[in-house]
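A look at the structure
For reference, the chains in residue letters:
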Amino acid sequence: MSEKGNPSQSSASSSSPDSLLKLVQSLSASIVYTESSNFDTNRKLWDNYAIEWSPKVEWIQKMVNNLPGCSTIENQETIELIGDEWSDKSSLNQVIEEYIFPFLKELHPHFIVGEIGTGGGRVVSKVISKVVGEFYCFDISKEMLSRARNAIKAVGLEEEPIEGSKSLLGKDLKVHFTLLEKSQLPLHLEGKFDFIYSFDVFPHLDIHTQYQYFGSIKKSLKVGGHAFISVADLTTPAGWSRFEKQSKYTVGGFYFICPEIVRKMVSQVGLHIVKQSSPSVGETNLYYNRDFLIVVQKRE
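Residues numbered from 1 in each chain as written. Predicted model: local features only at pLDDT ≥ 70, side-chain atom pairs only at ≥ 80, totals over all residues. Heavy atoms only, no water.

This part takes up the pairing of strand β2 (residues 133–139). Among the 7 residues that make up β2, 6 are buried, leaving the element largely enclosed by the rest of the structure. Where strand β1 (residues 112–116) and β2 come together, 5 bridges link them in parallel fashion. Counted as the bridge partner of G114 is Y136 from β2. Judged from the 7 bridges that link them, β2 and strand β5 (residues 173–179) form a sheet pairing that is parallel. Its bridge partner being in β5, E134 is matched across the sheet by K174. (Buried < 20%, exposed > 50% of the residue type's maximum accessible area, 1.4 Å probe, protein only. Helix = DSSP H or I, 4+ residues; strand = E, 2+ residues; numbered from the N terminus. Pairing = 2+ DSSP bridges.)

Take unusual backbone geometry next. A positive phi angle, near 65°, is found at D200, a position not held by glycine. Mapping D200 onto the fold places it in the loop between β6 (193–198) and α9 (207–220).

If you look at the biggest cluster of nonpolar residues, it comprises 32 residues, and the most contacted ones within it are I100, V127, F135, Y197 and F228. It is helix α6 (residues 89–99) that provides the largest number of residues to this core, a total of 4 residues. Once you skip the residues sitting within four places of it in the chain, V127 turns out to touch I96, I100, F101, L104, F135 and Y197. Judged by nonpolar contacts, the second largest core, of 30 residues, contains I116, L180, I294 and V296. (Core = buried A, V, L, I, M, F, W, Y, C linked by side-chain atoms within 4.5 Å. Contact = heavy atoms within 4.5 Å.)

Glancing now at the confidence of the model for the protein chain. Averaged over the protein chain, the pLDDT score is 86; the fraction of residues at 70 or greater is 81%. Low pLDDT, under 50, characterises residues 1–15; the predicted model gives this stretch 5 contacts beyond four residues in sequence or across chains. (pLDDT = per-residue confidence, 0-100.)

Bringing the environment of R149 into the picture now. Inspection of the secondary structure assignment puts R149 in helix α8 (residues 142–153). Accessibility expressed as a relative area gives 17% for R149, which makes it buried. Taking the C-alpha atoms as reference points, R149 and C137, separated by 12 residues in sequence, lie 9.0 Å from one another.

Size it by volume and the largest pocket reaches roughly 590 Å³. If you trace the largest pocket, you find 22 residues lining it, with M63, W86, R242, F254 and R290 closest to the centre. Residue assignment for the lining of the largest pocket shows that the elements contributing at least two residues are α3 (38–52) and α10 (237–245). The biggest single contributor to the lining of the largest pocket is α3, with 3 residues. For the lining of the largest pocket, the per-class residue count stands at 11 nonpolar, 6 polar and 5 charged. (1 Å grid on protein atoms, 1.4 Å probe; cavity = no way out; pocket = protein on both sides within 12 Å on 5 of 7 lines; lining within 4 Å. Points joined across faces, edges and corners; volume = space filled by probe spheres on them. Nonpolar A, V, L, I, M, F, W, Y, C, P; charged D, E, K, R; others polar.)

Turning next to empty space enclosed by the protein. Space left empty within the atom packing is revealed by a probe, the size of a water molecule, rolled over the atoms. Within the structure shown, the criterion is met by 1 cavity of 30 Å³ or more. Surrounding the largest cavity, 26 residues form its lining, W46, G117, G119, D139 and V201 being those nearest its centre. Every element with two or more residues in the lining of the largest cavity is listed here: α3, β1 and α9. Here the lining of the largest cavity takes 4 residues from α3, the largest share from any one element. When the residues that make up the lining of the largest cavity are grouped by side-chain class, the tally is 13 nonpolar, 9 polar and 4 charged.

Now the structure itself:
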């Protein structure tokens, strides 16, 4: 029998290393290589940010020097936690006073609050004293959660005395630290929360990731519960100014959307907006002048 007619020889020839190499080379031009997900890229960024962060490093100092409202020296003296370099104190405190504290008034021993994107603890450290019951710190960065734990311990909470626990205890409060593995809250927490907030986090998420979180927030709230979220708003004066300076979106920069898109996503998941921001002439609050802030409610 000729070589051509011998199936075993033909098969061996077609699968030789040289043949396989040529096949790979011929297909390589048409192969689509998937990019890292928004989730994975954010995790890498914020893990590294937390590891390298220090009030004294040059890149933090540059951010501090650009903060409004105070002298450079005064701003530098107020940098205590990761994120303090992102805004002036008055802008942050005003947001907390107007969009978080009003929804913590109906506190009871079983009141449960969650923060998506706790970071280094700059918000929770200001909020935690107002909460009784349980507080869940969610983040995709292990390093950030470690920083947040230290920030919360600094305001008086002690380690949970249960071996292997990732919680902290106060007199009337238990704080949990949960590392997220996807863009949603854990399924076993569905219908558990009275209030959830995610402040200054969504600007770093692409629109599909934002939508996934909106859906998860709806599932995680109790009926009647509220959630506060802020997004980078293309239609605000400072939002447009920053957008114009970007050549493209990166997780370290901002993903700009507009109120109409937010309203559509919120409506689609079944939430209802009960409070929203609107920039006014002469607005000095960094966040009100750049972002769209909303409080939503789960009614059914």
